[in-house]
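# A closer look at the structure
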Amino acid sequence: MSTATATKVFADRIGRIEVSATMAITAAALKLKSEGVNLADFGAGEPHFSTPRHIKDAAIDAIEKNFTRYTNVAGIPEIRKAIVERHTADFDSAYTPEECVFTTGGKLALFNAVQVLVDHGDEVILPVPYWVSFKDIIQYAGGVVVPVETSEAENFRVTAKMIEAAITPKTKAIILNTPSNPSGAVVSPEDLEAIVRLAHSREIFVLLDECYVYLNFTGNIVSGGSFKDCKEHVVVLGSLSKTYAMTGWRAGFALGPKPIIAAMSKLQSQSTSNTASMVQRASIAAVSGPQECVAEMRVDYIKLRDQVLEGFKTIPGLTCAVPEGAFYVYPNIKSFIGKGGITSATDLAAKLLSEAHVVVVPGEAFGTAEHIRLSYAVSHDVVDEGVKRMREYFASLG
Ligand SMILES: Cc1ncc(COP(=O)(O)O)c(C=O)c1O
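Only a predicted model underlies this, so the values are computations on that prediction, with no experimental measurement involved.

Looking only at helices and strands, one finds 13 helices and 12 strands in the chain. Relative to the 2.2 N^0.38 estimate, which gives 21 Å for 398 residues, the radius of gyration of the chain is 21 Å and therefore close to what a compact globule would have. Seen through its principal axes, the chain has C-alpha atoms that stretch 60 × 60 × 50 Å. If you take every contact in the chain between residues at least 6 apart in sequence, the share linking residues at least 24 apart comes to 75%. Accessible surface, the chain as shown: approximately 16,900 Å² in total, 55% of it carbon and sulfur.

Okay, here's the thing in structure tokens:
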């Protein structure tokens with residue numbers, strides 16, 4: 001790439017984003033693992049469960065039957081129908097298959113929704129702490145992130161009042177993720193309804209990331225799609241990754257107003273095209289088949305959360321808001337900054353990895369400087385071992 005003149009190589013937009021912090025920590029952990037180091041790995045946000053048998057069988061059957069060709073860009077009619085039927089049954093929403101696009105993972109649904117809605121200079125409201133990719137995806141589109149601080153004392157819960165205070169004439173969209181990655185916070189059904197109604201009345205779009213909607217532990221679950229009269233300004237972003245332990249399959253979807261779904265499909269037609277054909281068949285088995293697996297996994301996540309929180313109580317100086325969903329805890333580590341040469345959450349995460357062989361993600365990636373994120377989608381033994389290592393490490397700091 002050497003040039004005689006100073007030719008600019010990269011477009012501005014690629015300079016507006018960073019490598020996903022979770023992926024960076026995963027790479028560092030993988031390197032240690034390949035060297036034979038035994039890690040307590042709370043880094044990557046993915047279920048430790050295997051994909052249920054009937055879902056795998058559906059994919060194998062599709063391949064055996066040579067269902068291996070291009071499909072409609074937005075997904076075969078059967079998958080779009082299956083998704084909207086599942087959503088209607090679980091959340092009393094009212095989408096038609098034309099209001100659904102099937103995507104290569106929930107992340108692509110989010111990316112495409114932001115690309116088709118957010119223009120240069122548009123403001124997008126984003127509660128803090130936020131999932132790493134939200135910020136970068138907004139910035140890649142040229143949007144301006146408007147962070148909304150939440151209170152740790154209130155378990156990082158987002159309220160309608162907080163959102164309303166951040167709205168300006170330039171607000172184009174609000175991104176909500178409930179239950180939240182990284183905090184596990186859940187927006188109450190009342191606040192969710194108030195936010196959706198507020199946005200609808202101001203003609204602002206709510207992009208509702210429902211990747212963890214089935215991992216809501218409160219027992220009181222609503223979707224952004226439940227408020228049918230506000231549908232015009234709601235885009236639901238869904239994923240099969242966490243619900244059905246299908247992270248590697250890359251299966252996600254968006255539900256929203258027909259013109260927005262059509263625009264997202266148009267964008268998809270010029271980039272990834274259809275999601276892998278056999279994945280679509282497997283996804284039909286996932287959303288239309290028995291749902292017991294979802295409930296069983298949820299029960300285990302609740303046990304794992306409680307086990308982690310109990311374990312944290314044995315670590316002096318570590319405090320932790322109680323997560324109400326997803327599979328993350330977001331403890332506060334500020335009492336350790338300054339001890340044993342620790343300068344920041346990033347520094348602590350690096351030292352936990354190299355010295356205690358515990359993988360965590362530093363809070364800076366999620367917009368807060370005094371936290372670390374642990375994914376407890378691991379076995380109960382790993383939780384015990386990881387908490388023990390953390391306790392010993394923190395005690396060694398004096
Ligand atoms: C909040 C949130 N949204 C979306 C995703 C994307 O999931 P996928 O692209 O695997 O469907 C993730 C994955 O970690 C997530 O945490």
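That was the structure; now back to the text.
Evaluation of the coordinates by the stated rule reveals 19 salt bridges. With a closest N to O distance of 2.8 Å, Asp229 and Arg197 form a salt bridge. With Asp229 in the loop between strand 6 (205-209) and strand 7 (234-239) and Arg197 in helix 8 (residues 189-202), this residue pair connects regions lying 32 residues apart in the sequence. Since its relative accessible area comes to 32%, Arg197 is described here as partly exposed. Glu385 is paired through a salt bridge with Lys388; the nearest N and O atoms lie 4.0 Å apart. Residue Glu385 and its partner Lys388 are both found in helix 13 (residues 380-396); the two are separated by three residues, about one turn of the helix. On the basis of relative accessibility, which here comes to 35%, the residue Lys388 falls in the partly exposed class. By sharing partners, the salt bridges in this structure join Glu193, Arg197 and Asp229 into a single network.

Domain boundaries in the chain define domain 1 (3-50 + 293-396) and domain 2 (69-288). Once you take the C-alpha centre of each, domain 1 and domain 2 turn out to be 25 Å apart. Both sides together, the interface formed by domain 1 and domain 2 hides about 3,100 Å², and carbon and sulfur atoms give 60% of it. By the criterion of area lost to domain 2, the three top residues of domain 1 are Arg16, Glu324 and Phe366, representing 21% of everything that side buries. Inspection of the domain 1/domain 2 interface yields one salt bridge.

Of the consecutive residues Val128 and Pro129, the connecting peptide bond is found in the cis state with omega at 0°. Mapped onto the elements of the fold, Pro129 is located in the loop between strand 3 (123-128) and helix 6 (132-140). A cis geometry characterises the amide bond from Thr178 onward to Pro179, with omega recorded as -10°. If you trace the backbone, Pro179 turns up in the loop between strand 5 (171-177) and helix 8. Even without being glycine, Phe156 reaches a positive phi, approximately 60°. Mapped onto the elements of the fold, Phe156 is located in the loop between strand 4 (144-149) and helix 7 (160-166).

The next thing to look at is the packing of helix 5 (residues 106-117) against helix 9 (residues 258-269). The geometry of helix 5 relative to helix 9 is characterised by a closest axis approach of 9 Å and an angle of 110° between their N-to-C directions. One way to sum up the angle between helix 5 and helix 9 is to call them roughly perpendicular. From helix 5, Leu108, Ala109, Asn112, Ala113, Gln115, Val116 and Leu117 reach across to helix 9, where they touch Ile260, Ala263, Met264, Leu267 and Gln268. When the residues that make up the contact of helix 5 with helix 9 are grouped by side-chain class, the tally is nine nonpolar, three polar and no charged.

What follows concerns the environment of Phe134. Turning to its location among the elements, Phe134 is positioned in helix 6. Classification of Phe134 as buried rests on a relative accessible area of 2%. In contact with Phe134, not counting residues within four places along its chain, are Leu110, Leu126, Ile175, Asn177 and Asp209.

Turning next to the site of the ligand. Neighbouring the ligand are 13 residues, the closest being Gly106, Asp209, Ser239, Ser241 and Lys242. Here Gly106 contributes a backbone N or O atom positioned 2.6 Å from an oxygen atom of the ligand. The separation between a nitrogen atom of the ligand and a polar side-chain atom of Asp209 is 2.5 Å. Coverage of the ligand by the protein chains reaches 92% of its 390 Å² of free accessible surface. Among the residues making up the shell around the ligand, the classes are represented as three nonpolar, six polar and four charged.

A word on a nonpolar patch on the surface. Judged by side-chain polarity, Val9, Phe10 and Ile14 come together as a nonpolar surface patch covering roughly 300 Å² of accessible area. Within the fold, Val9 resides in the segment before helix 1 (12-15).

As a further point, take helix 11 (residues 292-312). Over its 21 residues, helix 11 runs 31 Å from end to end, which matches the ideal 30 Å to within 8%, given 1.5 Å per residue. Regarding helix 11, the residues found buried are Cys293, Val294, Met297, Asp300, Tyr301, Leu304, Arg305, Gln307, Val308, Leu309, Gly311 and Phe312. Each element contacted by the buried residues of helix 11 is listed here: helix 3 (53-64), strand 9 (328-329), strand 12 (372-375) and helix 13.

Reading guide: rules and limits
- Residues numbered from 1 in each chain as written.
- Predicted model: local features only at pLDDT ≥ 70, side-chain atom pairs only at ≥ 80, totals over all residues.
- Heavy atoms only, no water.
- Helix = DSSP H or I, 4+ residues; strand = E, 2+ residues; numbered from the N terminus.
- Rg over C-alpha atoms; globule rule 2.2 N^0.38 Å.
- Contact = heavy atoms within 4.5 Å.
- Areas by Shrake-Rupley, 256 points an atom, 1.4 Å probe, with all protein chains shown as cover.
- Salt bridge = Lys/Arg side-chain N within 4 Å of Asp/Glu carboxyl O.
- Buried < 20%, exposed > 50% of the residue type's maximum accessible area, 1.4 Å probe, protein only.
- Domains from an automatic or database assignment.
- Buried area = accessible area lost by both parts, 1.4 Å probe.
- Axes fitted to C-alpha atoms, helices over the stretch in contact; angles between N-to-C directions.
- Parallel < 35°, antiparallel > 145°, perpendicular 65-115°, else oblique.
- Nonpolar A, V, L, I, M, F, W, Y, C, P; charged D, E, K, R; others polar.
- Near = heavy atom within 4 Å.
- Polar contact = N/O pair within 3.5 Å; in protein donor to acceptor, adjacent residues only side chain to side chain.
- Patch = residues over 30% accessible without salt bridge, like charges linked within 9 Å, V, L, I, M, F, W, Y side chains within 5 Å.
- Expected span 1.5 Å × (residues − 1).

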